[in-house]
Amino acid sequence: GKVTQQQLLALFQPAASDALLLAELQDGEHIQLQLKVPAQSPWFEGHFDDNPILPGVVQTQWAIDHGQRFFNLGQSFLGLKNIKFMHPILPGSYVTLTLSTKTRTDCTDLIFTYSNGDTKHASGAISFATADVA
């Protein structure tokens, strides 16, 4: 089938998290967001028809989207570090997204963890160039 120009452009728009934000907690260094992942999210379509899971690229983008709300990350993406997906996030899941940053001379790392109680779903760091290095 044909893909419309609008559909193609939508793929390149910044992806706002379609997870339902239930609570937000800030302690100065860490941000904790309580999220409900909608069972009918379009992100599950085609990502394993019989056993849908939330794709890692979506989890990473949600971390970036929420991280940019709270931290001065800059716009120049440098790369991903220590990305691990340990337990799948299923449709209708409740998860805690914990965010913090580590600033170095040349970049800022956004450190993220998705968890639910003792279960760690994913973790990693996303590096952004500092404004004067870009």
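Structure shown above.
Heads up: these notes are all about the structure in this document.

About the criteria used
Residues numbered from 1 in each chain as written. Predicted model: local features only at pLDDT ≥ 70, side-chain atom pairs only at ≥ 80, totals over all residues. Heavy atoms only, no water. Core = buried A, V, L, I, M, F, W, Y, C linked by side-chain atoms within 4.5 Å. Buried < 20%, exposed > 50% of the residue type's maximum accessible area, 1.4 Å probe, protein only. Helix = DSSP H or I, 4+ residues; strand = E, 2+ residues; numbered from the N terminus. Contact = heavy atoms within 4.5 Å. Salt bridge = Lys/Arg side-chain N within 4 Å of Asp/Glu carboxyl O. Patch = residues over 30% accessible without salt bridge, like charges linked within 9 Å, V, L, I, M, F, W, Y side chains within 5 Å. Areas by Shrake-Rupley, 256 points an atom, 1.4 Å probe, with all protein chains shown as cover. Phe/Tyr/Trp six-rings, centres within 6.5 Å; stacked < 30°, edge-to-face > 60°. Pairing = 2+ DSSP bridges. Axes fitted to C-alpha atoms, helices over the stretch in contact; angles between N-to-C directions.

## Comments concerning the nonpolar core
So, step 1. Within the largest apolar cluster, 23 residues are counted, with the highest numbers of intra-cluster contacts made by Leu 99 and Tyr 114.
So, step 2. Residue assignment for this core shows that the elements contributing at least two residues are β2 (31–36), α2 (56–70), β4 (94–103), β5 (107–116) and β6 (119–129).
So, step 3. With four residues, the top contributor of residues to this core is α2.
So, step 4. Not counting residues within four places of it along the chain, the set of residues in contact with Leu 99 comprises Glu 29, His 30, Ile 31, Leu 33, Ala 63, His 66, Gly 67, Phe 71, Leu 110, Ile 111 and Phe 112.

## A word on the pattern of salt bridges
So, step 1. In the structure shown here, the tally under the stated rule is three salt bridges.
So, step 2. Here Arg 69 makes a salt bridge to Glu 24, at a shortest N to O gap of 3.0 Å. Here Glu 24 lies in strand β1 (residues 20–26) and Arg 69 lies in helix α2, a separation of 45 residues in the sequence.
So, step 3. When the shortest N-O distance is used, the salt bridge between Arg 104 and Asp 109 registers 2.9 Å.
So, step 4. The exposure class assigned to Arg 104 is partly exposed, which follows from its relative accessible area of 34%.
So, step 5. It is possible to trace a salt-bridge network through shared partners that takes in Lys 81, Arg 104 and Asp 109.

## Looking at a nonpolar patch on the surface
So, step 1. On the surface, Leu 20, Leu 22 and Tyr 94 cluster together to form a nonpolar patch covering roughly 310 Å² of accessible area.
So, step 2. Relative to the helices and strands, Leu 22 resides in strand β1.
So, step 3. For Leu 22, a relative accessible area of 46% gives the class partly exposed.

## Some details on the packing of aromatic side chains
So, step 1. Overall, the coordinates contain two aromatic pairs when judged by the stated rule.
So, step 2. For the ring pair Phe 112 and Tyr 114, a centre distance of 6.0 Å and an interplane angle of 70 degrees mean the geometry is edge-to-face. Residues Phe 112 and Tyr 114 agree in their burial class; the two are buried.

## Some words on the sheet that holds β5
So, step 1. The strand order across the open sheet built from six strands is β1-β2-β4-β5-β6-β3, with neighbouring strands paired in antiparallel fashion. Strands with a single pairing partner mark the edges of an open sheet, and in this sheet they are β1 and β3 (77–85). Geometrically, the sheet is characterised by an average inter-axis angle of 20 degrees between neighbouring strands, direction not taken into account.
So, step 2. Here eight bridges tie β4 to β5, and the two strands are oriented antiparallel to one another. Bridging across to β5, Thr 96 finds its partner in Ser 115.
So, step 3. The sheet strands contacting α2 are β1, β2, β3, β4, β5 and β6, and the helix crosses β5 at an angle near 120 degrees.

The analysis is restricted to geometry; functional conclusions fall outside its scope.
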